[in-house]
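These are the residues of each chain, in order.
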Amino acid sequence: MTTLSLYYHRQRGPLCLVLYGLAVLFWSVAWFVRTVPPQSFLSLIFVLVGLVMLILATGFHHLTVADEIDRLRISFGPLPLFQRSLLYEEVLRADVDRTTIFEGWGIHLSPRGGWVWNLWGRDCVTFQMKTGTLRVGTDDAENLAAFVNSRVEEFGVDAREH
């Protein structure tokens, strides 16, 4: 018999403020270049780039990591553009780690191999999976790693019993 334990953590980061600032900057430039020939085309480009910055800012407002019984859901939000889930049966282990300066923030491939999903800071949990590596930035690394390792053990025991 397994006990049901839950994990939910939301990290907020100021990266979205930079993106909101860029959106305002691009819209301001669009306003000032509207009278410079070719005004409509140049102004439209700045408006559209500002809109993209606004959408990205809304997408990277926070990073939520949540248990969903058989998987861990990782999502940026509140606009749910970027999300993924890890089945516990696919995870070998979770280790507290730190990202390098070169790994930075966002979603991208790591120079060390695997993917990085990071909103802010350098603390992370490295998930060693059957199919690769994923580093998830968090300001709750110890608790997240301990929780996932306990779920991996539960799913490992359950898999051997069947």
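What you see is a predicted model; the values in this text were computed from it and never measured.

### Considering the sheet that holds strand β4 (residues 83–87)
Strand pairing in a sheet takes place through backbone hydrogen bonds and is either antiparallel or parallel in direction. Reading across from one edge, β1-β2-β3-β4 is the order of the four strands in this open sheet, with antiparallel pairing throughout. Across the chains shown, the open sheet's two edge strands, defined by having one partner strand only, are β1 (8–12) and β4. On average, adjacent strands in this sheet sit at an angle of 10 degrees to one another, irrespective of strand direction. Pairing of β1 with strand β2 (residues 62–67), which is carried by five bridges, proceeds in the antiparallel orientation.

### What to know about the packing of aromatic side chains
This structure, assessed with the given rule, holds eight aromatic pairs. With 5.6 Å between their ring centres and 35 degrees between their planes, Y88 and F155 make a pair best called tilted. Of this pair, Y88 sits in the loop between β4 and β5 (91–98) while F155 sits in helix α3 (residues 141–161); the two residues are 67 residues apart in sequence, bridging distant segments of the chain. There is no split in this pair, since Y88 and F155 are both buried.

### Some remarks on a nonpolar patch on the surface
Together, V24, W27, L44, V47, L48, L51, I55, L79 and L81 give the surface a local cluster of nonpolar side chains, amounting to about 720 Å² of exposed area. In terms of residue count, helix α2 (residues 39–59) provides more of the nonpolar patch than any other element does, five residues in total. Positionally, L51 belongs in helix α2.

### With respect to the sheet that holds strand β8 (residues 123–129)
Ordered in space as β5-β8-β9-β7-β6, the five strands form an open sheet in which the pairing is mixed. Every other strand in the sheet has two partners, leaving β5 and β6 (106–109) as the edge strands with one partner each. In this sheet, neighbouring strand axes are inclined to one another by 15 degrees on average, regardless of whether the strands run parallel or antiparallel. Looking at chain direction, strand β7 (residues 115–118) and strand β9 (residues 132–137) are connected through three bridges and run parallel.

### So, the pattern of salt bridges
Under the defined criterion, the tally for this structure stands at 10 salt bridges. Residue R93 is joined to D95 by a salt bridge in which the shortest nitrogen-to-oxygen separation is 2.9 Å. For R93, a relative accessible area of 43% translates into the label partly exposed. In this structure D95 comes out as partly exposed when scored by relative accessible area, which is 29%. Its salt-bridge partner being R98, residue D123 comes within 2.6 Å of it at the nearest N-O pair. Here D123, found in strand β8, pairs with R98, found in strand β5; they are 25 residues apart in sequence, far enough to count as distant.

### Describing the nonpolar core
In terms of nonpolar packing, the biggest core is built from 25 residues, with F127, L134, L144 and V148 touching the most fellow members. Going through the elements one at a time, β2, β3 (71–77), β5, β8, β9 and α3 are the ones with two or more residues in this core. The greatest single-element share of this core, amounting to seven residues, is contributed by α3. With sequence-adjacent residues up to four places away left out, V148 is seen in contact with L72, Y88, V91, A94 and F127. Within the second largest apolar cluster, five residues are counted, among which are C16, L19, A23 and A57.

### Overview of the environment of V148
On the secondary structure map, V148 appears in helix α3. Along the backbone, V148 and L119 are 29 residues apart, and their C-alpha atoms lie at a distance of 20 Å.

### Some details on helix α1 (residues 15–32)
For the α-helix, the turn length of 3.6 residues means that residues three or four positions removed from each other point alike. Taking 1.5 Å per residue, 18 residues should reach 26 Å; α1 reaches 26 Å between its end C-alpha atoms and fits that length. Within α1, the full set of buried residues consists of L15, C16, L19, A23 and A30. Taken around the axis of α1, the buried residues stretch over an arc of 100 degrees, which confines them to a single face. Facing away from the buried surface of α1 by more than 90 degrees, the exposed residues are L17, V18, W31 and F32.

Rules behind the numbers
- Residues numbered from 1 in each chain as written.
- Predicted model: local features only at pLDDT ≥ 70, side-chain atom pairs only at ≥ 80, totals over all residues.
- Heavy atoms only, no water.
- Pairing = 2+ DSSP bridges.
- Helix = DSSP H or I, 4+ residues; strand = E, 2+ residues; numbered from the N terminus.
- Axes fitted to C-alpha atoms, helices over the stretch in contact; angles between N-to-C directions.
- Phe/Tyr/Trp six-rings, centres within 6.5 Å; stacked < 30°, edge-to-face > 60°.
- Buried < 20%, exposed > 50% of the residue type's maximum accessible area, 1.4 Å probe, protein only.
- Patch = residues over 30% accessible without salt bridge, like charges linked within 9 Å, V, L, I, M, F, W, Y side chains within 5 Å.
- Areas by Shrake-Rupley, 256 points an atom, 1.4 Å probe, with all protein chains shown as cover.
- Salt bridge = Lys/Arg side-chain N within 4 Å of Asp/Glu carboxyl O.
- Core = buried A, V, L, I, M, F, W, Y, C linked by side-chain atoms within 4.5 Å.
- Contact = heavy atoms within 4.5 Å.
- Expected span 1.5 Å × (residues − 1).
- Arc of directions from axis to C-beta.

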